[in-house]
Amino acid sequence: MRLSRSLLPTLKETPAEAQIVSHRLMLRAGLVRQTASGIYAWLPAGYRVLDNIARIVRAEQDAAGAQELLMPTIQSADLWRESGRYDGYGKEMLRIQDRHERELLYGPTNEEMITDLFRQSVHSYRALPQIVYHIQWKFRDEVRPRFGVMRGREFLMKDAYSFDIDHEGAVVSYRRMMLAYMRTFQRLGLRAIPMAADTGPIGGDLSHEFIILAPTGESQVFYDAAFEDIDYTSGDFDIRSPDDLARFYAQMTTPYAATDEKHDPERWAKIDPARRREGRGIEVGHIFYFGTKYSRPLNFTVTGAGGQKIHPEMGSYGIGVSRLVAAVIEASHDAAGIIWPDAIAPFRAAILNLKPGDAACDALSETLYARLGNDALYDDREERAGVKFADADLLGHPWQIIIGPRGAASGRVELKRRADGAREEVSLEAALAKILGA
RNA sequence: CGGGGCGUGGCGCAGUCUGGUUAGCGCGCGUGUUUUGGGUACACGAGGCCGCCGGUUCGAAUCCGGCCGCCCCGACCA
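On a predicted model such as this, the values are computed, not experimentally measured, just so you know.

**Examining the overall build of chain A**
Next up, step 1: Each helix and strand counted, chain A has 13 helices and 23 strands in total.
Next up, step 2: A principal-axis box enclosing the C-alpha atoms of chain A has dimensions of 80 × 60 × 40 Å.
Next up, step 3: Scored against the burial criterion, the 438 residues of chain A give a buried share of 55%.
Next up, step 4: In chain A, the share of contacts with a sequence separation of at least 24, taken over all contacts with a separation of at least 6, comes to 71%.
Next up, step 5: As displayed, chain A has an accessible area near 18,900 Å², and 48% of this comes from carbon and sulfur atoms.
Next up, step 6: Considering chain A, the positive charge centre built from 55 side chains and the negative charge centre built from 61 side chains are found 2 Å apart.

**A closer look at the packing of aromatic side chains**
Next up, step 1: Counted under the stated rule, the structure contains 17 aromatic pairs.
Next up, step 2: Here W80 and Y89 contribute two aromatic rings whose centre-to-centre distance is 5.6 Å and whose plane-to-plane angle is 80°, an arrangement assigned as edge-to-face.
Next up, step 3: Ring centres of Y181 and F185 lie 6.0 Å apart, and the angle between their planes is 85°; on these two criteria the pair is classed as edge-to-face. Taken together, the positions of Y181 and F185, both in helix α6 (residues 167–187) and 4 residues apart, correspond to about one turn of that helix.
Next up, step 4: Judged by relative accessible area, Y181 falls into the buried class, the value being 0%.

**Brief notes about the protein's contact with RNA strand B**
Next up, step 1: Taken together, the neighbourhood of RNA strand B is formed by 40 residues, with R144, G152, R384, E414 and R423 sitting nearest.
Next up, step 2: At 2.7 Å, a side-chain N or O of E13 approaches a base nitrogen of RNA strand B.
Next up, step 3: Note that a phosphate oxygen of RNA strand B is positioned 2.9 Å from one of the backbone N or O atoms of A16.
Next up, step 4: At the level of secondary structure, the elements contributing two or more residues to the surface near RNA strand B comprise β1 (32–36), β13 (276–291), α11 (385–395) and β22 (412–417).
Next up, step 5: Sorting elements by how many residues they give to the surface near RNA strand B places α11 first, with 7 residues.

**Some details on the sheet that holds strand β6 (residues 103–106)**
Next up, step 1: With antiparallel pairing, 3 strands are arranged side by side in an open sheet as β4-β6-β5. Strands at the two margins of the open sheet, each flanked by one partner only, are β4 (74–76) and β5 (94–97). Along the sheet, successive strands turn relative to each other by an average axial angle of 40°, direction set aside.
Next up, step 2: Across 4 bridges, β5 lies against β6 in antiparallel orientation. Paired with L94 across the two strands is Y106, which belongs to β6.

**Structural notes on the pattern of salt bridges**
Next up, step 1: Enumeration according to the criterion identifies 30 salt bridges in this entry.
Next up, step 2: When the shortest N-O distance is used, the salt bridge between D224 and R275 registers 3.4 Å. Remark: R275 occurs in the loop between α8 (265–269) and β13 and D224 occurs in strand β11 (residues 219–224); sequence separation between them is 51 residues.
Next up, step 3: Exposure remark for R275: the relative accessible area of 31% places this residue in the partly exposed category.
Next up, step 4: A salt bridge links D391 to R381, with the nearest nitrogen and oxygen atoms 3.0 Å apart.

**Section: unusual backbone geometry**
Next up, step 1: With an omega of 5°, the peptide bond running from L128 to P129 counts as cis.
Next up, step 2: You can see P129 is positioned in the loop between α5 (111–121) and β7 (130–139).
Next up, step 3: Positioned with a positive phi, E101 is a non-glycine residue whose angle comes to about 65°.
Next up, step 4: In this structure, N299 takes a positive phi of about 55° despite not being glycine.
Next up, step 5: One can find N299 in the loop between β13 and β14 (302–303).

Calculation criteria
- Residues numbered from 1 in each chain as written.
- Chains lettered and ligands numbered in written order.
- Predicted model: local features only at pLDDT ≥ 70, side-chain atom pairs only at ≥ 80, totals over all residues.
- Heavy atoms only, no water.
- Helix = DSSP H or I, 4+ residues; strand = E, 2+ residues; numbered from the N terminus.
- Buried < 20%, exposed > 50% of the residue type's maximum accessible area, 1.4 Å probe, protein only.
- Contact = heavy atoms within 4.5 Å.
- Areas by Shrake-Rupley, 256 points an atom, 1.4 Å probe, with all protein chains shown as cover.
- Lys, Arg positive; Asp, Glu negative; His and termini not counted.
- Charge placed at Lys NZ, Arg CZ, Asp CG, Glu CD.
- Phe/Tyr/Trp six-rings, centres within 6.5 Å; stacked < 30°, edge-to-face > 60°.
- Near = heavy atom within 4 Å.
- Polar contact = N/O pair within 3.5 Å; in protein donor to acceptor, adjacent residues only side chain to side chain.
- Pairing = 2+ DSSP bridges.
- Axes fitted to C-alpha atoms, helices over the stretch in contact; angles between N-to-C directions.
- Salt bridge = Lys/Arg side-chain N within 4 Å of Asp/Glu carboxyl O.

Put into structure tokens, the structure is as follows:
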């Protein structure tokens, strides 16, 4: 994108409503704008990040064998009456009426709907197991939205649903999703810790939440360094192998990990002090196994091998995609602005033309822009160098290619790495190699 | 939902208590000069039914009533 023609409204001052650092930076960097309490528009740069995160989430879901589909945001109240949750869910659910006064709702989650879809079409044990997912906007009418997209009312969520013939199968699905989650978070550049959790309104008896570490996180977390020693993306665990998943699951659930509410100082004290890790965390995912909680009331059965009717065992698995944008910023920023991990940055590099109008600067900048294309944000504005530096730092591009009249005359540019501030003067080709190779 | 607060050019704010010139300031925006590697400086300029509706008054951003929106603390939550 050419910055001079972009909807990328950076702010020098922080809007009064923003309290936490991710909210402030998202507004200042022109990523989002609030349109109503807890509801945000995603501007081009913010939407790129959202989309990059969704792409990684999608890739890992696909790799785990989950099928992507897309369910509607508006649901009929009837289905929720069948499961008994229509009244149970409370004021958090946004209820609406159409012109015929039929009762509808903006979905906060999709267990009922996916179960309905399965009961319409899946009738034999031979069609199971299956896992399906979608990445879709949800609405929960929070009493008090706050912290920007961290706790908005409308949010983008990846939710997956597993259907198995029996408990053993459901456990394998559960572990499979857990591994997919650890891989996803690692690819996003985050350290995530799975922690045993309460099941809340989704229900069920087995649940983990995924906490990512960020200095400004909402809760205190304690965990064993064992979690840091594992490379989840390595070939160490075959996500298709139940045995590998069992081994993986043991590694996830044996070492100590707890949020402050569940912290057990006695157990904690027994851990080798060198292996104790403590920090702040933000919940970015939650997985549940809940058996037949929905298949029974919605009367979803398949025929088993012996001709008997079986209520499939289900689980559901959520990742807060829009929340992750804020969570990553909480985990990765400094006084000047955001520091995007390479994998999700809105632009891989910013091209800072310090002197538009200077023939050498323009030529170098245009060449770089042509080579990097959509991966680059070309700052071609007639602005002071300082303004461009400040905006580039704020936006947090992993790389900045700084083109000034001094170096440009001899075909050299300065390459700056946002994460550590390292700079070097290199040729255009060397800069490209470094950026594209990273 | 309980408690508190705020709504004044795009953003951040002053003015409101103690009604009364043309409603200010900083940033941003436009033009010009300047500057030319870390939010430069100067000049000129554009931009506001002071959240909305009603009331009191000779006169309302300012007082009164109602409504709407937003934020903060608490309880609740991906």
